[in-house]
Amino acid sequence: MEIEKKRIYAHKRVINNNIFYEDLEAHGALTREYAKEISYKDIVEKLGYNYEEFLNGVEAHDLGKQNLNFQKKIKNISKSGDTRHSIFSAILYIEKNLKVLNKQIFLNAYVIYKHHSMLTDIKDFNLELESIEQFKQLLQNEISFKKVLFEKCLDNLKKNFEFKDYLYVRYFFSVLGSADIFATQEFMSGYKFERCKEFSELKEYLKKDEILENVKNGRLGTGINELRSTMALEAMRNFEGGVSLLEAPTGCGKTKTGYLLAELSNKKRLFYVAPFNNISNQTYKELLSLFPIEDVGLINSLSEISLNFNDESEIIEAYNNYYYLNSPIVVTSGVNFFNILYSNKKKDILSFYTLANSCIIIDEIHAFNLNLWKTFSLDISILSKIFNIDFIIMSATLPNLKIFSNKFNNLIKNRDYYFKSSYFKDRVEPILIDIQNLDDLKTKIIELSKEHSKILIEFINKKSAYEFYEVLKKEFGSSSKEILLITGDTKNQERQDILSKTESKTKVWEGILIGTQVIEAGVNIDFDIGLKDISILESEEQFAGRINRNALKKGSKVYFFNYFDAKKILTNDVRASQELTLMDGNIFENFKNKEFLPFYEKVMGFLDLKSEFKDYWNFEEKSKFMRLIDNDGETVFVLSEETGEILEKYNEIYENMEISFYERAIKLKNLRSKIIDNSITLYRGDDRLEKVERKNGVSYLKSVDL
């Protein structure tokens, strides 16, 4: 049986044993329409490229499905032979534009070649033109494109490949890949993708927040609230768009100020980026008190996709809204955000187009890898201008990023007015104490517990926290004071239950909470007294923010002690060097007086600020270079009688190929969230790793082996 030459198919759909085919030309045209809907002409032109050719490249992405073997496969005639289409699409696209071959044509061809895989090094772009005669027969097309010309184009490209070209490739890949998916979904299921509403349409909901309305209307309040409102108004007055820096004391209302600035920004979308899941989750809950749930997306490892699995279109819509960030407000993690910007994997790049014309709030920037500060700053200064993005970078300990770009705008001009206010500077008194062993620390706790009902203690490593927990349990076992423990081994729900207990509004809690770094940023707790093992200065400031949070108590102190060497854990972080910690007299005075600039000047002196990543054509290496976290830990599910059903259900869905791709993906995502919620992290050298079992992408450990 021969295939009719005039009928070239892109996809087929089977309904009740009836087969329906989509013409290749129709698929190309529909993909182009979706690309036009989700892209912006001005962005392509500011990148230095032609928008019409941008769309032409999208439309041509599947030309290679003319491959006779592919057509035989789709018609169930034969599955043998070379059925590839992406490589042939790239060849035919170049051949079609051979007379006007330029950088854009070549880059479009590269993305077409890669649109079902990932971006690597452009030098790996190989159209296998030595097999051109065979390709001519498969494609039934004359191909005059010669290997020598291809290699010359490739060589010239590498010599003239800039960051704008890097951005163009990511943008084209993102738009092409997403539009291809949406067009395929429409043919296969009838579901038509629609872009979410715009954040600028939701501003009315902000009126529900009494604090925001009071600030906008000049009702400043009294005491610490007056200072918070004054800071927010100053930030609003100085906001000009572009890249803005908001340095404000812990507890000064940065998040609320961020909402006000986002309203002024008036962009199509709002992204809130935080380094830790607990901050993301907390912000998400706050946003849900203002905005409809369908307008706010939480994208992190713990989030779930909520829906009833009744209608296939609803399932696809839920999938798209989550994985393609199709919400006017998106709350996500720093890792996910950096993946969108820099990862070379298809699943991450697909969402890149959603960043255009948005306001992006980046909270606690100090928690990101400090070796990336320079490159990230240089990159977002370009991104902001070309993609019309307003970046708002916030922290109580904000590095001086203006040294990388003088276009960055400090929203607070006189930061000392706020930082040196008694509400913040004198809210907690830092004191260095000499602790040689845990008995010394126990003695100090016994002394403090006579006068204070809520005490918070933080260690750098889990082992110390566990050991001291046992010491205090023994010491206070018969008293009314409750001893609680939170570490990286504490499951998320258990962690939330413990924190809720300490902040109960119905019953005053008295006790001692021992923890590791997980009790720092993004945790709304308020203790009378704190004791902390010395780490990096930013951690000390975050911890201090959990003590006397609203400046309503007198005599609150944070005692810092040097029990475990932070450098043994933070091996690659210069800030853990003793001369940059509170062990140094000058650094301690900087911390006490809330003067962080001298500290960051010293930190910058340790960094290699001259080196820059210039090999933009190597997407794989750029991805590695900009990896936010170098984590050698393994997430391990704790298998017990209570959690066994989760893993059983996960394996059942994982191995079920009968349900639709989208339903399976959503159910697996939701189960993975529950798995992570009941997981711990084990690091290299932990003996428990020898007992870990692995199946279907999940590592698990029986609770009896903990």
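In short, a report on the structure. (Residues numbered from 1 in each chain as written. Predicted model: local features only at pLDDT ≥ 70, side-chain atom pairs only at ≥ 80, totals over all residues. Heavy atoms only, no water.)

### Things to note about the side chain of Ser 699
Definition in use: Strands here mean DSSP runs of E at least two residues long; helices mean DSSP runs of H or I at least four residues long; both are numbered from the N terminus. What qualifies as a polar contact is a pair of N or O atoms within 3.5 Å, subject to a donor-acceptor requirement within protein and to the restriction that residues adjacent in sequence count only when both atoms come from side chains. We call two residues in contact when some of their heavy atoms are within 4.5 Å.
Tracing the backbone shows Ser 699 in strand β19 (residues 698-702). A polar contact is formed between the side chain of Ser 699 and the side chain of Glu 634, at a distance of 2.5 Å. Ignoring any residue separated from it by four or fewer positions in sequence, one finds Ser 699 in contact with Glu 634, Thr 635, Val 636, Phe 637, Val 692, Glu 693 and Arg 694.

### A word on empty space enclosed by the protein
Using a probe with the size of a water molecule, rolled over the atoms, empty space left in the structure can be pinpointed. Basically, it comes down to this: Grid points spaced at 1 Å over the protein atoms alone were grouped into cavities, where a 1.4 Å probe fits but cannot get out, and pockets, open sets with protein on both sides within 12 Å along at least five of seven lines, with lining residues defined by an atom within 4 Å of a point. Grid points are joined across faces, edges and corners, and a volume is the space filled by probe spheres set on the points. Under the scheme applied here, ten amino acids are nonpolar (Ala, Val, Leu, Ile, Met, Phe, Trp, Tyr, Cys and Pro), four are charged (Asp, Glu, Lys and Arg), and all others, including Gly, are polar.
Following the criterion strictly, the structure yields one cavity of 30 Å³ or more and no others. Quantified by volume, the largest cavity comes out at close to 80 Å³. Forming the walls of the largest cavity are Phe 424, Lys 425, Arg 427, Val 428, Pro 430, Ala 544, Val 558, Phe 560, Phe 591, Lys 592 and Lys 594. For the lining of the largest cavity, the secondary-structure elements that each account for two or more residues are β15 (557-561) and α23 (585-592). Residues that form the lining of the largest cavity fall into these classes: seven nonpolar, no polar and four charged.

### So, the sheet that holds strand β12 (residues 482-486)
We apply this condition: Any two strands with at least two DSSP-identified bridges between them are counted as paired. Between the N-to-C directions of two axes lies an angle of 0 to 180 degrees, each axis being a line fitted to C-alpha atoms and, for a helix, fitted only over the stretch in contact.
Reading across from one edge, β10-β15-β14-β11-β13-β12 is the order of the six strands in this open sheet, with parallel pairing throughout. In this open sheet, the two edge strands, each paired with only one partner strand, are β10 (429-432) and β12. Averaged over all pairs of adjacent strands, the angle between their axes in this sheet comes to 15°, without regard to strand direction. Here β12 runs beside strand β13 (residues 511-515); their pairing, made up of five bridges, is parallel. Paired with Leu 485 across the two strands is Ile 514, which belongs to β13. The sheet contacts of α23 involve β10 and β15, and relative to β10 the element is tilted by about 160°.

### Looking at the sheet that holds strand β16 (residues 634-639)
Read from one edge to the other, the open sheet built from four strands follows the order β17-β16-β19-β18, with strand pairing classed as mixed. The sheet is open, and its two edges are formed by β17 (679-682) and β18 (693-695), each paired on a single side. Across the sheet, the mean angle from the axis of one strand to that of its neighbour is 40°, orientation sign disregarded. Here β18 runs beside β19; their pairing, made up of three bridges, is antiparallel. Note that in β19 the partner of Glu 693 across the bridge is Tyr 700. Of the strands in this sheet, β16, β18 and β19 are in contact with helix α26 (residues 644-654), which crosses β16 at around 115°.

### Things to note about a negative patch on the surface
Heads up, the condition is: Note that patches include only residues with greater than 30% relative accessible area and no salt bridge, and the join distances are 9 Å for like charges and 5 Å for nonpolar side chains (Val, Leu, Ile, Met, Phe, Trp, Tyr). Note that accessible areas follow from Shrake-Rupley with a 1.4 Å probe, and for residues the cover is restricted to the protein chains shown. Salt bridge criterion: a side-chain nitrogen from Lys or Arg within 4 Å of a carboxyl oxygen from Asp or Glu. Only four residue types enter the tally: Lys and Arg on the positive side, Asp and Glu on the negative side; His and the chain ends are excluded. Lys charges are placed at NZ, Arg charges at CZ, Asp charges at CG and Glu charges at CD. Each residue's exposure class comes from its accessible area (1.4 Å probe, protein chains only) as a fraction of the maximum for that residue type: buried when under 20%, exposed when over 50%, partly exposed otherwise.
Together, Glu 33, Glu 37, Glu 194, Asp 311, Glu 312, Glu 314 and Glu 317 line one region of the surface with negative charge. Among the secondary structure elements, those contributing two or more residues to the negative patch are α1 (24-38) and α14 (312-323). Ranked by the residues each element gives to the negative patch, the list is headed by α14, at three residues. Tracing the chain through its elements places Asp 311 in the loop between β5 (296-299) and α14. Residue class for Asp 311 comes out partly exposed when judged on its relative accessible area of 35%.

### Remarks on the nonpolar core
Rule in force here: By convention a nonpolar core is built from buried Ala, Val, Leu, Ile, Met, Phe, Trp, Tyr and Cys residues, the set being connected through side-chain atoms within 4.5 Å.
Judged by nonpolar contacts, the single largest core of 146 residues is most densely connected at Leu 127, Phe 161, Tyr 171, Phe 337, Ile 362, Phe 376 and Phe 387. Tallying contributions element by element places helix α9 (residues 163-189) first for this core, with 14 residues. Not counting residues within four places of it along the chain, the set of residues in contact with Phe 337 comprises Val 273, Thr 332, Leu 355, Ile 360, Ile 362, Phe 376 and Phe 391. By size, the runner-up hydrophobic cluster in this structure holds 39 residues, among which are Phe 199, Leu 212, Ala 232 and Phe 424.

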